[in-house]
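Topology and contacts: notes
So you can see what is in the structure, the chains are spelled out below.
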Amino acid sequence: MVASTQSAGAPTVLVTGFDPFGGDALNPSWLAAQALHGKRIAGHRVVAEQLPTVFGPSLTVLRTLVRQHRPALVICLGLAAGRHAISIERVAINVNDARIADNAGEQPVDEPVVDGAPAAYFSSLPIKAMRAAIQAKGIPAEVSQTAGTFVCNQVFYGLMHLLATGRGLKATRGGFIHLPLLPEQGEPSMPLAQMVEGLRMGIRTALVTKADARLGAGTIS
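Residues numbered from 1 in each chain as written. Predicted model: local features only at pLDDT ≥ 70, side-chain atom pairs only at ≥ 80, totals over all residues. Heavy atoms only, no water.

1. Observations concerning the layout of surface pockets
To locate leftover empty space, one rolls a probe as large as a water molecule over the atoms. Approximately 450 Å³ is the volume found for the largest pocket. Phe21, Leu79, Ala80, Arg99 and Phe150 are, among the 17 residues lining the largest pocket, the residues nearest its centre. Its residues assigned to classes, the lining of the largest pocket shows eight nonpolar, five polar and four charged. (1 Å grid on protein atoms, 1.4 Å probe; cavity = no way out; pocket = protein on both sides within 12 Å on 5 of 7 lines; lining within 4 Å. Points joined across faces, edges and corners; volume = space filled by probe spheres on them. Nonpolar A, V, L, I, M, F, W, Y, C, P; charged D, E, K, R; others polar.)

As structure tokens, then:
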């Protein structure tokens, strides 16, 4: 984890990234989070923390971090190989269905993230306004309709369930963003500096935008 001391009275944005998985030596989600650590955006201080790419423990760590930092905004980052843009996720679903094993060798199939909880949660981020702001910087960005069913979706769902049900968290906004590969990892890709700048603009937009923009960002299939 990144050291996370914060200035007294400074509202916090919690940004998380994952450790490497699937045989990769690095994970751009964690590199981007680290690059944002300590930055000031719209009067808020960014705190970066790492999550394990492991079902179960990732949510345990996330819950601890949210209670520790009491952030105004939480953005969890993950890697989505095959995507070319910064992908702002719309919805998390209550299922773990792993095509590959996590870093602990676990591979749940058709299991709920949270027993008895709603089938899905929508992001509380202004996802379309964020997409537009990132694109205005010339950086590829999109609204994604699926966060998959691996650890990324589990963390996204677990975050939104925590914010919806946790004591004192009703005012905290949160969501999930997937990042492409780095150029040295393969194609399609995006340079780390471009990811970080896009995320910075997205975070700023989330902090200053209360009502999302009404812009088309749906898909046919």
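Next comes the rest of the write-up.
2. Things to note about the packing of helix α2 (residues 57–69) against helix α4 (residues 151–165)
Close contact between α2 and α4 brings their axes to 10 Å; oriented N to C, the two are set at 40 degrees. Viewed along their axes, α2 and α4 form a crossing whose handedness is right-handed. Contact residues: α2 offers Ser58, Leu59, Leu62, Arg63, Val66 and Arg67, while α4 offers Val151, Gln154, Val155, Gly158, Leu159 and Leu162. Of the residues in the contact of α2 with α4, the class split is seven nonpolar, three polar and two charged. (Axes fitted to C-alpha atoms, helices over the stretch in contact; angles between N-to-C directions. Helix = DSSP H or I, 4+ residues; strand = E, 2+ residues; numbered from the N terminus. Left-handed = near helix turned anticlockwise from the far one by under 90°. Contact = heavy atoms within 4.5 Å.)

3. With respect to the pattern of salt bridges
Counted by the stated rule, this structure contains two salt bridges. Where Glu89 meets Arg83, a salt bridge forms, and the shortest distance between an N and an O atom there is 2.8 Å. Note on accessibility: Glu89 and Arg83 belong to one class, buried. Among the ionic pairs, Arg200 bridges to Glu197, the shortest N-O distance being 2.8 Å. Residue Arg200 and its partner Glu197 are both found in helix α5 (residues 192–208); the two are separated by three residues, about one turn of the helix. What makes Arg200 partly exposed here is its relative accessible area of 30%. (Salt bridge = Lys/Arg side-chain N within 4 Å of Asp/Glu carboxyl O. Buried < 20%, exposed > 50% of the residue type's maximum accessible area, 1.4 Å probe, protein only.)

By themselves, these figures tell us nothing about what the structure is for.
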